[in-house]
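Chain residues, written in single-letter form:
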Amino acid sequence: MDSVGPTRKQSSDILELKPLCLHPVRKMIQILTLLLLLTLTFASFVNTEDHHGEICHLKTCMNKTLPAGSPVHVYCTNHHSLRINGRCCQKIKNTTEEDAGKFLASTAEEFVVQGLDLSSCEVTTITSDVSRLVELRVLVLDNNPIMCPSNKDLAGLRKLEYVSMPEYCSCPAGAEAWNSTRTGLNRTICETPNNLCKLLKLECPSNSDCLMDGPGLVNVVCLCSSGFYGYKCLKFGHFSPMYYSIGTVGVTVVLSVFVWITQRRKAKTL
């Protein structure tokens, strides 16, 4: 009777198939591991404050220190709880004028930027480093070969009160988006964005409020009211990024283990 068992050559072929079967499994595990790392990275940056980077100390600036007489310099020296750092005016987080005495005891990571002077810094565009400064109130862009900023470039700067730019530029979103605009002395100045939510009497869906996320109608947003979150702001309570991250990580780990076990069994049967 002929033998039905595999020959030695056939056995060798089967053994060679095992790593080939495991190869996609390894890829799957690597992909899931990458997703896990991305999730952990997201969790570490949720609800973080401004990322200063090198924006306060640009190497392209003609002067490394804040020019005397600059609107940012004037703003900073008129508030005791603020300090000058390079081209920035900074404030300690959650500090009032009465707490100014505690200012020197704080570390650099505890400060947020409220004023930024990039005049004569060879700036050509508004970068994401600027748009992340959510506490920014005064922005100076004079004497730069800059492309005139649009209202989209200033999206996210909800507390912005003053913008100064080269004279050939117009105020982002037009003069009607600002309470005061003027041009002269080689600069265009835009002050106090108008609250279009109130002026135009814009309404948002239930459990949400109309807010200005920057100057102009394009930056009008509807955000969930206090105590509400989720799809259409229908959920009541407090959204916890930590629980969300833990749940996402848990699901990723479970799927990784499940795929690894099932594919490993398939590889062994071969």
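For the structure itself, look to the data block above.
The rules behind each value
Position numbers for residues count from 1 along each chain, tracking the sequence in the order it is written. Per-residue local features of the predicted model are confined to residues with pLDDT of at least 70, and side-chain atom pairs are confined, for both listing and counting, to 80 or more; whole-chain, interface and lining totals are unaffected and use all residues. Each side-chain value is derived from all of the structure's non-hydrogen atoms; neither hydrogens nor water enter the calculation. Pairing of aromatic rings covers Phe, Tyr and Trp, the last counted by its six-membered ring, and requires centre-to-centre distances within 6.5 Å; plane angles under 30 degrees mean stacked, over 60 mean edge-to-face, and any other angle means tilted. Placement of a positive charge over a ring is assigned whenever Lys NZ or Arg CZ falls within 6 Å of the ring centre and within 35 degrees of the normal to the ring plane. When two cysteine sulfur atoms are found within 2.5 Å, that pair is recorded as a disulfide. Segments assigned H or I by DSSP are reported as helices when at least four residues long, segments assigned E as strands when at least two residues long, and all are numbered from the N terminus. For every residue, the accessible area obtained with a 1.4 Å probe (protein chains only) is divided by the maximum for its type, and the residue is called buried under 20%, exposed over 50%, and partly exposed between those limits. Residues form patches when they are more than 30% accessible in relative terms and have no salt bridge. Like charges link within 9 Å. Nonpolar side chains (Val, Leu, Ile, Met, Phe, Trp, Tyr) link within 5 Å. In this description, accessible areas are obtained by the Shrake-Rupley approach with a 1.4 Å probe, and a residue is regarded as covered only by the protein chains that are shown. Between Lys or Arg on one side and Asp or Glu on the other, a salt bridge is scored when a side-chain nitrogen of the former is within 4 Å of a carboxyl oxygen of the latter.

**Overview of the packing of aromatic side chains**
Following the criterion strictly, the structure yields one aromatic pair and no others. Between Phe228 and Phe236 the ring centres are 5.2 Å apart and the planes differ by 65°, which places this aromatic pair in the edge-to-face class. Just above the ring of Phe111 sits the side chain of Arg83; from NZ or CZ to the centre is 4.1 Å.

**With respect to the state of the cysteines**
In this structure the tally under the stated criterion is eight disulfides. Here Cys56 pairs with Cys88 through a disulfide, and the sulfurs are 2.0 Å apart. Its S-S torsion of about -95° marks the bond between Cys56 and Cys88 as left-handed, since a negative value means left-handed. With Cys56 in the loop between α1 (8-45) and α2 (71-77) and Cys88 in strand β2 (residues 88-92), the pair connects residues that are 32 residues apart, well separated along the chain. In this model, Cys204 is linked to Cys222 through a disulfide, with the two sulfur atoms separated by 1.9 Å. Handedness here is read from the sign of the S-S torsion; for Cys204 and Cys222, about -80°, the answer is left-handed. Residue Cys204 is located in the loop between α4 (196-199) and β8 (208-212), and its partner Cys222 is located in strand β9 (residues 220-224); the two are separated by 18 residues in the primary sequence. The class for Cys222 is partly exposed, based on a relative accessible area of 40%.

**Structural notes on a nonpolar patch on the surface**
Together, Leu199, Leu200, Leu202 and Leu217 make up an exposed nonpolar region whose accessible area comes to about 380 Å². With respect to the helices, strands and loops of the structure, Leu200 is situated in the loop between α4 and β8. For Leu200, a relative accessible area of 47% corresponds to the partly exposed category.

**Quick notes on the environment of Leu217**
Looking at where Leu217 falls in the secondary structure, it is placed in the loop between β8 and β9. For the pair Leu217 and Leu200, spaced 17 residues apart in sequence, the C-alpha separation works out to 9.7 Å.

**What to know about the pattern of salt bridges**
All told, the structure shown has eight salt bridges when counted by the stated rule. Note that Arg137 is salt-bridged to Glu135, the shortest N-O span being 3.5 Å.

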